[in-house]
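Structural characterization, general
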Amino acid sequence: MRLPRVPIVIALLAVAALAAVRTAPSAEAAQVMRAADPSVLRVGSTYHSVQSTGGGISVRSASSPDGLAGATARQVWSDTRNLGEIWAPEFSMEGGRFYIHFSGGRSAAHRMYVISSTSAAAGYGAETKVALPDDRWAIDGSMFTFNGQRWFVWSGWAGDTNVEQNLYIARMSSPSASTGARYVISQPRESWERVVGNPFINEGPEPIRDPNGQLHITYSANGSWSDQYCIADLRLRAGGDPTYVWDWYKSNGCLFGSNRNTMMAGWDPTVNVNGPGHHTFVLLNGDIATSPPAGPRFPLMFHAVPKGTPYSWANRYWYTGTFCWWGNVTYSRANVPGPNTDTGFGLKFFE
């Protein structure tokens, strides 16, 4: 893919910035609050987060990601229809409206739902079930636009039983309805994402666009109930079809995790937390078109358990960290259609 020409001074500054990032020490992650599954977006100078609380969904607003802990949690939706467990609400924006997609249900009944408003922290109406292809178990859905098309990516089952959690993608005709089929783009089949299972999982998919314009879906692997939980990356090859599984290249290990034996070569485990996962890139308006350029670090939020604390769902906290793009990263594979390797941007995560 041909890159645009840039002035030499700007190019040198970008190289210097990247060099500074590559050599900077890892700072301790900032613990925000006891919670799981963060989703945060920035609108102007205000940061909005959403979380599942007390049988409903709450929104916080603050002037910084760290300030969200002290912000008032405003409940914007309640489970008046007794859907059941309310999991992993995800913020997005489109056409001046805020959308919160979330999973509701019990056991095999989990499906995706959406609420919307013109205000981040008020004015949401009743939930609408998201009409996804095949109407199977679905959680952790995220809506985004890429190459002018609205997409939805989520974690789900192939059938009606809990065998494994795969990542699926579908085109969307609206924030509540898909068009066409669902397509699997990742299954937990690599040894490093099968350390803890029953079931083995790929979940918490987060879309982002790299400086070359290529789409990435970062996601969490290994059991969320263990300190093997970690974040990995799917990179769509240049010019690739998001619905074709073999146009996606998977990182050869975790890019953010606490166990060295599951990390991709050249990536180090965390120092201060265990089992980092289910993250959010803090993007302007939540739009992947505002994904950061190469060079500096940008805000990230994830959940994890403090080192020295027993790993359990009850001990998860939101943390603020940073990430940056990492150039010339090769992902390799074997015994599948298409080229065995793909080189492009990967990601580095910092506590």
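These notes cover the structure that comes with them.

Conventions we followed
- Throughout, a residue's number is its position along its own chain's written sequence, starting from 1.
- Where local features are concerned, this predicted model is filtered to residues with pLDDT of at least 70; where side-chain atom pairs are given and counted, the filter is 80 or more; whole-chain, interface and lining totals use all residues.
- The side-chain figures draw on all heavy atoms in the structure; neither hydrogens nor water molecules are used.
- Secondary structure elements are defined from DSSP: runs of H or I of at least 4 residues count as helices, runs of E of at least 2 residues count as strands, and each element is numbered from the N terminus.
- Here the radius of gyration uses the C-alpha set of atoms, whereas the globule reference equals 2.2 Å times the residue count to the power 0.38.
- Any pair of residues with heavy atoms lying within 4.5 Å of one another is described as a contacting pair.
- Among buried residues, those of type Ala, Val, Leu, Ile, Met, Phe, Trp, Tyr and Cys that are joined through side-chain atoms within 4.5 Å constitute a nonpolar core.
- For every residue, the accessible area obtained with a 1.4 Å probe (protein chains only) is divided by the maximum for its type, and the residue is called buried under 20%, exposed over 50%, and partly exposed between those limits.
- Aromatic pairing here means that ring centres of Phe, Tyr or Trp (its six-membered ring) are within 6.5 Å. Orientation follows from the plane angle: under 30 degrees is stacked, over 60 is edge-to-face, and everything else is tilted.
- Should the NZ of a Lys or the CZ of an Arg lie within 6 Å of a ring centre and within 35 degrees of the ring normal, that charge is described as sitting over the ring.

Some words on the overall build of the protein
Along its length, the protein carries 1 helix and 21 strands. Relative to its length of 351 residues, the protein is compact, with a C-alpha radius of gyration of 19 Å against a globular reference of 20 Å. Judged by the C-alpha coordinates and their principal axes, the protein covers about 55 × 45 × 45 Å. For the protein, restricting intrachain contacts to residue pairs at least 6 apart in sequence, the fraction spanning at least 24 positions comes to 52%.

With respect to the nonpolar core
Inside soluble globular proteins, nonpolar side chains tend to come together where they are buried. Counting residues in hydrophobic clusters, the biggest one holds 46 residues, and the most contacted among them are F144, I185, I217, F281, F302 and F349. With 8 residues, the single largest contributor to this core is strand β20 (residues 317-332). Excluding its chain neighbours within four sequence positions, the residues that come into contact with F281 are V40, E206, P207, I208, T218, P299, L300, F323, L347 and F349. Formed by 17 residues, the second largest nonpolar core is a distinct cluster that contains V50, I57, L83 and I86.

Some points on the packing of aromatic side chains
Evaluated as defined, the whole model comprises 12 aromatic pairs. Ring centres 5.9 Å apart and planes at 35 degrees place the aromatic pair F152 and W154 in the tilted group. Centroid distance F281 to F323: 4.7 Å. Interplanar angle 65 degrees. Geometry classified as edge-to-face. Taken as a pair, F281 in strand β18 (residues 273-281) and F323 in strand β20 lie far apart in primary sequence, 42 residues in all. Grouping residues by exposure puts F281 and F323 together as buried. Of note, R297 hangs over the ring of F350, and the distance from its end group to the ring centre comes to 3.6 Å. One Lys or Arg, K348, reaches over the ring of W326 and ends 4.9 Å from the middle of that ring.

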